[in-house]
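# An overview of the molecular structure
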Amino acid sequence: MADIEVFGIGLDTSSAVRNAKNLEKALLDVSKSSGKVTKSGESMAGAMLKSQIAFAALSKAANFLTDQLKQSVTVGASFEQQMAKVGAVSKATAEQQKALSAAAKEMGKTTQFSATEAATALEAMSRAGFKAQQSIAALPKVLQLSAASGVSLGESADIVTNVMSSMGKQVSDLNHVNNVLVETFTSSNTTLESLASSISFAGGIAATTGVSFEQLNGFLGIFGNAGVSGTRAGTALRQAMATLIDPTKKAADTLKSLNVEVGQNLVETLRDLENAGASSKDMIAIFGTEAGGALLTLQQSGGIAAVEEMTHQLKNVGDVADEIAEKQMNTLQGSFTKLGSAIEGLRISIFEDLIRDDLKIFIDGLTESIQANEQSFRAVVNIADVVIENMIKIYSNH
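An account of the accompanying structure is given in this report. (Residues numbered from 1 in each chain as written. Predicted model: local features only at pLDDT ≥ 70, side-chain atom pairs only at ≥ 80, totals over all residues. Heavy atoms only, no water.)

## What about the side chain of Glu344?
- Looking at the secondary structure, you find Glu344 in helix α16 (residues 332–372).
- Of the side chains with opposite charge, Arg347 comes closest to the buried, unpaired Glu344, at an N-O distance of 7.8 Å.
- Excluding residues within four positions of it along the chain, Glu344 makes contact with Val75, Ser114, Ala115 and Thr116. (Helix = DSSP H or I, 4+ residues; strand = E, 2+ residues; numbered from the N terminus. Buried < 20%, exposed > 50% of the residue type's maximum accessible area, 1.4 Å probe, protein only. Lys, Arg positive; Asp, Glu negative; His and termini not counted. Salt bridge = Lys/Arg side-chain N within 4 Å of Asp/Glu carboxyl O. Contact = heavy atoms within 4.5 Å.)

## Things to note about helix α11 (residues 266–276)
- What α11 keeps buried is the set Leu266, Val267, Thr269, Leu270 and Leu273. Down the axis of α11, the buried side of the element spans an arc of 165 degrees, and every buried residue falls inside it.
- On its buried side, α11 packs onto α8 (213–225), α9 (230–245), α10 (249–257), α12 (280–287), α13 (289–300) and α14 (303–315).
- You can read the cap of α11 off the contacts: a side-chain oxygen lies 3.1 Å from the backbone nitrogen of Val267, and it is on Asn265.
- Positioned one or two residues after α11, Gly277 has a phi angle of 75 degrees, which is positive. (Arc of directions from axis to C-beta. Polar contact = N/O pair within 3.5 Å; in protein donor to acceptor, adjacent residues only side chain to side chain.)

## A closer look at the pattern of salt bridges
- Evaluation of the coordinates by the stated rule reveals four salt bridges.
- A salt bridge links Glu95 to Lys98; the nearest nitrogen and oxygen atoms lie 4.0 Å apart. With a gap of three residues between them, Glu95 and Lys98 both fall in helix α2 (residues 94–110), about one helical turn apart.

## Focus: helix α15 (residues 320–329)
- Burial in α15 covers these residues: Val320, Ala321, Ile324, Ala325 and Met329. With its buried residues spanning 155 degrees around the axis, α15 presents them on a single face.

In structure tokens form, the structure reads like this:
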């Protein structure tokens, strides 16, 4: 470009133009470079965000695994301890103990009950005198009773074994005993617990005086409908049956006056008394105030006919315990319960297969180390006490 003159002063413009072009190019270069930096910064920020998300996910996963391992140790150790109780009570051999443990774990995996709960039932049956194989065979039926009644598994096992013992029943009778109990408390105003309480009072004498298990439960069901249950029903029945074994003179005379044979069982005697038109006074004279009063209440609820009808129902009962248990668990809550049991089974497997032996070795080693170095640990504690005490004194003086 040609030079120009400003206020009479000549200026060389070629250098200025060249410098301007250089500045323009530099600005363009800076702009491009800035764009690259921006993109690079965005890439770095994205990478950092992704790494933070990945780290958080790994941290969550690690915490989850740690928590699951802790729970596996807690659940597994609890099950192992419960099975140790079963072994001690049942005096099982090593092979029997394995079979008992396998049975409890199988119930935990396939039913709504946990393996540990199943183990408590095995303990209860062992305490009742069941052999290992008998307990294993009876376990599914005890689970059915618990599911049908809503009573805990351990308590259900206690109840059914006590009932069987008082009535002189064998292990082979367990299924029918279950079904009779379930049919009774689902067909009358009773519960498994109230039936158990009544039978604990009246079961023994019923078995020895010709009153069958079905008849006894027939009485208890009709008593329950009349508002007489639990210990009251059991005590009344026991007293009534005891009276017929060795009646007082007053009772015997009253029976004879009504042409009722002395020495019959309770069912036969009550049937004859009803047919003879026995009055309230007669019933009290024969059976006493408590038992006589309860039997009068029974008369108002259908009498011996109602008892015999229910007895017939109980003698012909089907597999109602299984049916009721299935209905009780065929719900969403039941599915959640089964899921929880399955998870516990998995945790027990993890504990036994992956954790138990190594953890036991570590714990035992730590215990031995502490025992062997007790004096050293005490010395460290004493030194720490002195240091803390001196620090407190120093700070107290300031």
